[in-house]
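# Structural description and commentary
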Amino acid sequence: MDYMTENGMSFTFWAWNPNSGDTGGLVDNDWWTVNQTKYDILEPHLNPPVPDGNGSGETTSPTTPPPAQTGACTATYAITGGWPGNFQANVTVKNTGTTALNGWTVKWTYAGDEHVYNSWSTQLTQSAKNVTATAPSSNASLGAGQQTTFGLQGTYTGTAGTPVLTCTA
């Protein structure tokens, strides 16, 4: 892992499922409990490097919060349920413009240790605390004033919070 980080490799692939033949997965056989030993090894390597902006080619981990909502869409996040160590949330994307959208992206950064393990009606990726949800082809078009909702499930320790979302179209 240190080799990847030291050589500027910007992402890490690791299979989530416990029956992964090459890694044994990051979750235990119950498909819910994160194997903390494996996760602790990977966590320092999960933030993708970003240019530092000074032209030196050096990279840093992103630390600034996402900008305020812009573009022709807004997004709201609501925790809709949960059980010990797990939560379920819905995100509603609304076209606030006067013309139809053909695609949208919602981004947020969790303040705590939330980790998404399931989502629907979106294409969702998470790298450390940073989450990006993009419209799948079946859920991409929104007429003026229309909205759509996608959902997700995740794990947390402590309290699952409500992040600030940024929606772009």
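Described in the following lines is the structure provided in the data block. None of the values given here were measured: they were computed from a predicted structure.

Here we take up the environment of Pro-84. Structurally, Pro-84 can be placed in the loop between strand S3 (73-83) and strand S4 (86-95). For Pro-84, a relative accessible area of 79% puts it in the exposed group. Taking the C-alpha atoms as reference points, Pro-84 and Gly-158, 74 residues apart in sequence, are found 10.0 Å from one another.

Of note, Ser-119 is situated in strand S7 (residues 115-120). A relative accessible area of 25% means that Ser-119 is categorised as partly exposed. Contacts of Ser-119, omitting those with residues within four sequence positions, involve Leu-124, Gly-151 and Leu-152.

Moving on to the sheet that holds strand S8 (residues 123-127). The strand order S8-S9-S6-S12 describes an open sheet built from 4 strands, whose pairing is antiparallel. In the strand order of this sheet, the two ends are held by S8 and strand S12 (165-168), each with one partner. Ignoring which end each strand starts from, the neighbouring axes of this sheet average 15 degrees apart. Alignment of strand S6 (residues 105-109) against strand S9 (residues 130-134), held across 5 bridges, turns out to be antiparallel. Looking at the pairing, Thr-105 lines up with Thr-134 of S9.

Here the focus is the sheet that holds S3. If you trace the 4 strands from one edge of the open sheet to the other, you get S3-S4-S11-S7, paired in antiparallel fashion. What marks the edges here is a single partner per strand, and that holds for S3 and S7. Each strand of the sheet is rotated relative to its neighbour by a mean of 25 degrees, with strand direction disregarded.

So, how was this worked out
Note on numbering: residues in each chain are counted from 1, in written sequence order. With the structure being a predicted model, the display of local features is reserved for residues of pLDDT at least 70 and the display and counting of side-chain atom pairs for 80 or more, all residues being used for whole-chain, interface and lining totals. For side-chain calculations, the full set of non-hydrogen atoms in the structure is used, while hydrogens and water are omitted. Secondary structure is summarised from DSSP: a helix means a run of H or I of at least four residues, a strand means a run of E of at least two, and numbering begins at the N terminus for each. Partly exposed residues are those whose accessible area sits between 20% and 50% of the maximum for their type, while under 20% is buried and over 50% is exposed, using a 1.4 Å probe and protein chains only. Note on contacts: a residue pair qualifies if any of its non-hydrogen atoms lie within 4.5 Å across the two residues. For two strands to be treated as a pair, DSSP must find no fewer than two bridges joining them. Only the stretch in contact is used when fitting a helix axis, every axis being a line fitted to C-alpha atoms; angles between N-to-C directions are given from 0 to 180 degrees.

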